[in-house]
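Now for the letters of each chain:
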Amino acid sequence: VYKRQVMTRKLIIDTDPGVDDAMAILMALASPELEILGLTTIFGNAAIDVTTSNALTLLETVSRSDIPVSVGESKPIASGYLGPVPQVHGANGLGDAELVTPNTSASAEGAATFIHRIAAENPGQVTILALGPLTNLAVALQRHPDLPALIDRVVIMGGNARVPGNATPVAEANINNDPEAADLVLGADWPVTMVGLDVTHQINLTGAAIDRITSRESAGARLLGNALPLYRGFFEVTNGLDGIYVHDPATIAYLLDPEAFTTQSWPVRVETESFSRGKTWPNLGDTDEAAPPAWQGRPRIEICTEVDSDSVLRLVEQRLTASA
């Protein structure tokens, strides 16, 4: 009997855990199609020391401390850190769940160096999955100009092409945390897919589905069961949802089932000034020559614009139910 080989995608997850980051990481760990080569941490949902501790704790909780964790940047490339969002993710970044202090430590190798080294060791094979602000990727690009040629694809949870923001009326939270970095990353010569609010606000994981996921007797389910109530409560109060929007887990769903997403390709600039700071502005025109000067010469970004939300929700629940 011959078993079909499962082709795996090599993955670096750049993350600021974060309740939905934890969900995405657990989904990835439960997916044989994905090989996680490492986590790189970034400020965002919480400060860098908190997000790094959370990454280590999450991996230790599900017995995957074999995956290295590298510490990333503590602040944006051209401004100050806007601060954590305890009203969304709790003071400890994981919904104020009671967490044990991790026994493992982060690597001495910084995130930008780690990203470049792993890419150079696996040329053309590595996907970077960015779940937080894009500062680590921007710093890696600045230090290693050859990086784009080494990377297969960059997939980001962030941005909003044709819908309002969630951090401000115009800006999505991850991009808003470091617009200068985002403009650099979205202008680099590598393939980028943007899984942003255009689709994640179409995907509502209901309270009943959350209850099914967290009722399991597994370490991951127990962690989510403790972390999700505060996060879920935020969406119920702020957005009137029964459940949560599926932000970071949607990127894993895209990697596993890209046909569930409709995409369009446009060059994108990120606003770095004025009241629309952090807004991802696509040029919807057909030709580069007709574009305003600021968009000319920019690569086209694959932007998810529509989604089969039922397919994504089934996949999210299936993988989280299967997680350790």
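Please read all numbers here as calculations on a predicted model, not as lab measurements.

**What to know about the side chain of Asn 136**
Thinking step 1. Checked against the element boundaries, Asn 136 lands in helix α5 (residues 135-143).
Thinking step 2. Engagement of the side chain of Asn 136 in a polar contact is seen with the side chain of Asp 14, the distance being 2.8 Å.
Thinking step 3. Of the polar contacts made by the side chain of Asn 136, one reaches the backbone oxygen of Thr 41; its length is 2.8 Å.
Thinking step 4. Apart from residues lying up to four places away in sequence, Asn 136 is in contact with Asp 14, Thr 40, Thr 41, Ile 42, Gly 72, Glu 73, Ala 111, Ala 112 and Ile 115.

**Some thoughts on the sheet that holds strand β1 (residues 9-15)**
Thinking step 1. Judged by pairing direction, the sheet is mixed, and its nine strands sit side by side in the order β3-β2-β1-β4-β5-β6-β11-β9-β10 without closing on themselves. Two strands close off the open sheet at either side, each with one partner strand: β3 (69-70) and β10 (280-282).
Thinking step 2. Both strand β6 (residues 192-195) and strand β11 (residues 300-307) contribute to a ladder of two bridges, which runs parallel. In the strand pairing of β11, Met 194 is matched with Ile 303.
Thinking step 3. The strands touched by helix α2 (residues 48-61) are β2 (34-41) and β3; relative to β2, the strand with the most contacts, the crossing angle is about 150°.

**Section: the nonpolar core**
Thinking step 1. Within the largest apolar cluster, 60 residues are counted, with the highest numbers of intra-cluster contacts made by Ile 13, Leu 39, Leu 205 and Phe 261.
Thinking step 2. For this core, the element with the most residues is helix α1 (residues 19-29), which contributes eight residues.
Thinking step 3. Membership of the second largest hydrophobic core comes to 36 residues, among which are Ile 115, Ala 119, Leu 134 and Ala 181.

**Brief notes about the packing of aromatic side chains**
Thinking step 1. Within this structure, the stated rule accounts for five aromatic pairs.
Thinking step 2. Between the aromatic rings of Phe 43 and Tyr 81, the centroid separation amounts to 5.3 Å while the plane-to-plane angle is 65°, which identifies the pairing as edge-to-face. Placement of the pair is Phe 43 in the loop between β2 and α2 and Tyr 81 in the loop between β3 and α3 (86-89), with a sequence separation of 38 residues.
Thinking step 3. Note on Phe 43: relative accessible area 0%, which makes it buried.
Thinking step 4. Ring geometry for Tyr 231 versus Phe 235: centroids 5.0 Å apart, planes at 80°, classification edge-to-face. On the criterion of helical spacing, the pair formed by Tyr 231 and Phe 235 is a turn pair, its members being four residues apart in helix α11 (residues 219-239). Accessibility classification places Tyr 231 together with Phe 235 in one group, the buried group.
Thinking step 5. Three or more aromatic residues link up through ring pairs in this structure, and these residues are Tyr 231, Phe 234, Phe 235 and Tyr 245.

Rules of the game
Residues numbered from 1 in each chain as written. Predicted model: local features only at pLDDT ≥ 70, side-chain atom pairs only at ≥ 80, totals over all residues. Heavy atoms only, no water. Helix = DSSP H or I, 4+ residues; strand = E, 2+ residues; numbered from the N terminus. Polar contact = N/O pair within 3.5 Å; in protein donor to acceptor, adjacent residues only side chain to side chain. Contact = heavy atoms within 4.5 Å. Pairing = 2+ DSSP bridges. Axes fitted to C-alpha atoms, helices over the stretch in contact; angles between N-to-C directions. Core = buried A, V, L, I, M, F, W, Y, C linked by side-chain atoms within 4.5 Å. Buried < 20%, exposed > 50% of the residue type's maximum accessible area, 1.4 Å probe, protein only. Phe/Tyr/Trp six-rings, centres within 6.5 Å; stacked < 30°, edge-to-face > 60°.

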